[in-house]
Amino acid sequence: MIFYPDRKIFKNSRIKNMCEYRNLVEDFKEDYEGTWAKYARIKLDWIRPFTKTLDESNAPFYKWFIGGKLNASVQCIDRHLKDKKNKTAIIWEADDGSRKFVTYLELHKEVNRFANLLKSLGVKKGDRVVIYMPMILEAAYAMLACARIGAIHSVVFGGFSADALKDRILDAQAKVVITADGAFRKGKAYMLKPVVDEAIKDVECVEKVVVVERNGEDINWTNRDVSYEELIKLQSSKCDPEIMDSEDPLFLLYTSGSTGKPKGVQHSTAGYMLWAQMTMENVFDLRDNDTFWCTADIGWITGHTYIIYGPLAAGATTLMFEGVFTYPDAGRAWRMVEEYQVNQFYTAPTAIRLLHKLGADEPKKYDLASLRVLGTVGEPIDPEAWMWYYEEVGQGKCPIVDTWWQTETGGHMITPIASATPIKPASATFPLPGIFAEIIDEEGNKVKPNEKGLLCITKPWPSMIRTIWNDPQRFVNSYFSTAKKDGKAVYFSGDGAIYDEDGYIFITGRVDDVINVSGHRLGTAEIEAVIKKVDLVAENAVVGKPDEIKGESIFAYIVLKGEDNLATEVEVLQKINEAISKEIGNIAKVDSIAIVPALPKTRSGKIMRRILRSIAKGEEITQDISTLEDPSIVEKIQNIVKG
Ligand code: WT7
């Protein structure tokens, strides 16, 4: 089944059809650097122009737009003041439904004040600032204020625990942490500041903690803390933007890998901003008076690129939401679409499945005629959820852009272009012009149609990850050591994919030890390391198990200490989750476990995770198990899991 964009709706769009799409692809093929340079000149406001487009001399540490000077906050705010100063930049809706509208002029003032506040605390260009905030306007101001003075922000999702926050603060050696007392969820106050207190108890690098008041609950004030409300009053609303190099880091964002601790993905200023803006404009068919709603949290890359940097660079109106879809009822999202006349709605498949389940008929109760484009991100979407989204939410007239990308790619990579691409449900369709994505084997041979291969990007692109903070070797190992093409290491995403006879790309999911729970990326190694520390546990292995709403849920195989250990699954699960909740956060909680006598291991002691994944999925075991130390263990585990 193929769904075509309505020609009438998209007749004046930037990219009107596949012919125009192919021409753009050709432009990049014919003159890769020249075409990127052309867009960088048109799209970015340069303080000083760049002199060279791409420096490959130290591959894979690629550099883009060499010698250029700019500032990301100017790209997002100042340059719009000429003709959009009274346009709403951000609409914010609180958990309780109250709202604020912030114009570009007001945004300019708030960001400048916050920038001066940070300066008054001694924050300088290149310093790291950790932002541990709820979805409130000050979080947006904080990010842009860092960008204005050249400080490198590292936003940590509010669902992470004190230990996880501490790891990230230490790794980045943050000088300042910005947080709030807490916020509201489903009408109730929750706290963040105590988590920061706990995280930085013995941490010396943090000089100041800026505390924004949101829920007014009592908190402890230490001598490192400063009140945002008190200091902001003293600040001038004029702060000259720091002149940043194209390659100066704009931010770090920690994400999980298949091994070890989370890695600090480092993004650049110019390349990241260029692609944030271009994808925003092209993929979503962004127009002058559009209101764009991306439902992510700013703690994830989706929130960075498509709530803050992309929409603001494009001069759009972006909607920022503190609450949750299910409160006060399952119509919350649709009511907001109606009220704010949202034109693009961008969310995760897990949210679509939840909304479908909770209120399949809810969309009918609202006027959703303003919607023109729908989007999804974060995980594969199943055809059932897709059809409901298309029929009920989009009323059969809104293209769904299934956008494949990653924290490391900065912006969209493989996705339909709303105005041009004929869509097959559950396919991310084709790479964007400028992106050279290929499905290959380890030697760089293109796989045949419908055959699974490694999803690789074979040319550098401007918004790509620059390095892993503090660990350049890990950057090379993680992304540039799996696949080669023409003898050159290429970027490997960690995902598997296929393409069909028409060239449509379908992402099949991670091929490494990373699981995707509700669109959140979690490393099994990280979770296993926490479980291993639980007293009762001798050995464990964690895998993803298909889940109707979350996509994947976390399933752990546990070998207990002592032959005659009588601990029950319920007890063990509880102990494990207490540990996870403390060391990582509730988002990584294990959903179910199986207590097994042993794990399937090869004679050299390597755990055969593929077998464990198959068992959790209830699949038949097709792989050869004769190389196992004890092949009979497979059947024993299967029987335990089947119950
Ligand atoms: C991983 C990246 C990109 C922002 C959200 C997640 C999976 C992402 C899709 C999609 C199928 C997808 C991949 C990818 N993923 N988008 N449209 N279809 N899978 O960012 O935490 O960096 O995770 O999410 O497995 O590698 P992230």
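These remarks concern the structure in this document. (Residues numbered from 1 in each chain as written. Predicted model: local features only at pLDDT ≥ 70, side-chain atom pairs only at ≥ 80, totals over all residues. Heavy atoms only, no water.)

1. Looking at the packing of helix α2 (residues 32–43) against helix α10 (residues 270–283)
Item 1. The geometry of α2 relative to α10 is characterised by a closest axis approach of 10 Å and an angle of 85° between their N-to-C directions. Here α2 lies roughly perpendicular to α10, going by the angle between them. Two secondary-structure elements touch here, α2 through W36, Y39, A40 and K43 and α10 through L274, W275, Q277, M278 and E281.
Item 2. Of the residues assigned to the contact of α2 with α10, the class counts are 6 nonpolar, 1 polar and 2 charged. (Axes fitted to C-alpha atoms, helices over the stretch in contact; angles between N-to-C directions. Helix = DSSP H or I, 4+ residues; strand = E, 2+ residues; numbered from the N terminus. Parallel < 35°, antiparallel > 145°, perpendicular 65-115°, else oblique. Contact = heavy atoms within 4.5 Å. Nonpolar A, V, L, I, M, F, W, Y, C, P; charged D, E, K, R; others polar.)

2. Quick look at helix α13 (residues 349–358)
Item 1. Where α13 is concerned, the buried positions are P349, T350, A351, I352, R353 and L355.
Item 2. Next to the buried residues of α13 lie α12 (332–340), β18 (344–347), β19 (373–377), α14 (383–393) and β30 (551–560). (Buried < 20%, exposed > 50% of the residue type's maximum accessible area, 1.4 Å probe, protein only.)

3. Observations regarding the side chain of Q235
Item 1. With respect to the secondary-structure elements, Q235 resides in the loop between α9 (228–232) and β13 (244–245).
Item 2. Overall, the relative accessible area of 15% leaves Q235 in the buried class.
Item 3. Separated by 3.0 Å, the side chain of Q235 and the backbone oxygen of L231 make a polar contact.
Item 4. Residues in contact with Q235, not counting those within four places in the same chain, are R113, N116, L117 and S120. (Polar contact = N/O pair within 3.5 Å; in protein donor to acceptor, adjacent residues only side chain to side chain.)

4. Regarding the state of the cysteines
Here, the word disulfide means a covalent bond between the sulfur atoms of two cysteines.
Item 1. Enumeration over the complete set of coordinates arrives at 0 disulfides.
Item 2. Here C294 is not disulfide-linked; the sulfur of C76 is the nearest cysteine sulfur, at 14 Å.
Item 3. A relative accessible area of 2% means that C294 is categorised as buried. (Disulfide = S-S within 2.5 Å.)

5. Focus on the sheet that holds strand β5 (residues 99–103)
Item 1. Read from one edge to the other, the open sheet built from 7 strands follows the order β5-β4-β17-β16-β18-β19-β20, with strand pairing classed as mixed. Each edge of the open sheet carries a strand with a single partner, namely β5 and β20 (400–403). Averaged over all pairs of adjacent strands, the angle between strand axes in this sheet comes to 20°, irrespective of strand direction.
Item 2. As defined by bridge partners, strand β4 (residues 88–93) adjoins strand β17 (residues 317–321) across 4 bridges and the pair is classed as parallel. Among the inter-strand pairings, I90 is bridged to a residue of β17, identified as T318.
Item 3. Packed onto the sheet, helix α11 (residues 301–313) meets β4, β16 (291–294), β17, β18 and β19 and runs at close to 150° relative to β17. (Pairing = 2+ DSSP bridges.)

6. Some details on the nonpolar core
Item 1. Residues L107, F114, I178 and Y309 are the most contacted members of the largest nonpolar core, which totals 129 residues.
Item 2. The element that contributes the greatest number of residues to this core is helix α6 (residues 137–149), accounting for 11 residues.
Item 3. With residues up to four places along the chain from it excluded, the contact list for Y309 reads A72, C76, M143, L144, A147, H153, L250, F251, Y272, M273, A276 and H304.
Item 4. In this structure, V130, V156, C205 and I580 belong to the second largest nonpolar core, which totals 46 residues. (Core = buried A, V, L, I, M, F, W, Y, C linked by side-chain atoms within 4.5 Å.)

7. Examining the sheet that holds strand β8 (residues 176–180)
For sheets, the rule is that strands pair by backbone hydrogen bonds, running either parallel or antiparallel.
Item 1. Within the open sheet, the 8 strands sit side by side as β12-β11-β8-β6-β7-β14-β15-β23. Their pairing is mixed. Every interior strand has two partners, whereas the edge strands, β12 (225–227) and β23 (467–468), have only one.
Item 2. Relative to β23, strand β15 (residues 263–268) runs antiparallel, the two sharing 2 bridges. Bridging across to β23, Q266 finds its partner in T467.
Item 3. Relative to strand β14 (residues 249–255), α11 is tilted by about 145°, and along the sheet it contacts β7 (152–155), β14 and β15.

8. Some words on the pairing of strand β21 (residues 437–440)
Item 1. Neither face of β21 is open: one carries A437 and I439, the other E438 and I440, and all of them are buried.
Item 2. In this structure, β21 lies alongside strand β22 (residues 453–457), joined through 4 bridges in antiparallel fashion. If you follow E438 over to β22, its bridge partner there is C456.

9. Re the site of the ligand
Item 1. Around the ligand, the surrounding shell holds 17 residues, and the nearest of these are D402, T403, T407, D495 and R521.
Item 2. The separation between a nitrogen atom of the ligand and a polar main-chain atom of T403 is 2.8 Å.
Item 3. At 2.5 Å from an oxygen atom of the ligand is found a side-chain nitrogen or oxygen belonging to D495.
Item 4. Considering the ligand on its own, with 560 Å² of exposed area, one finds that the protein chains cover 95% of that surface.
Item 5. Going through the elements one at a time, α11, β20 and β26 (505–510) are the ones with two or more residues in the shell around the ligand.
Item 6. Split by residue class, the shell around the ligand holds 6 nonpolar, 6 polar and 5 charged. (Near = heavy atom within 4 Å. Areas by Shrake-Rupley, 256 points an atom, 1.4 Å probe, with all protein chains shown as cover.)

10. Overview of the environment of T279
Item 1. Looking at where T279 falls in the secondary structure, it is placed in helix α10.
Item 2. Residue classification places T279 among the buried positions, given a relative accessible area of 1%.
Item 3. Between the C-alpha atoms of T279 and G310, which are 31 residues apart in sequence, the distance is 7.7 Å.
Item 4. Setting aside residues no more than four positions away along its own chain, T279 makes contact with F284, Y306, H412 and L432.

11. Section: unusual backbone geometry
Note: most residues except glycine have negative phi, and most peptide bonds are trans.
Item 1. A cis amide bond, omega 0°, links A59 with the succeeding residue P60.
Item 2. In this chain, Y327 is followed by P328 through a cis amide linkage whose omega measures 0°.
Item 3. Take P328: it is sitting in the loop between β17 and α12.
Item 4. Positive phi outside glycine occurs at A426, with the angle close to 75°.
Item 5. The backbone of N450 sits at a positive phi, close to 65°, despite the residue not being glycine.
Item 6. By the secondary structure assignment, N450 is in the loop between β21 and β22.
Item 7. Its relative accessible area of 45% is what places N450 among the partly exposed residues.

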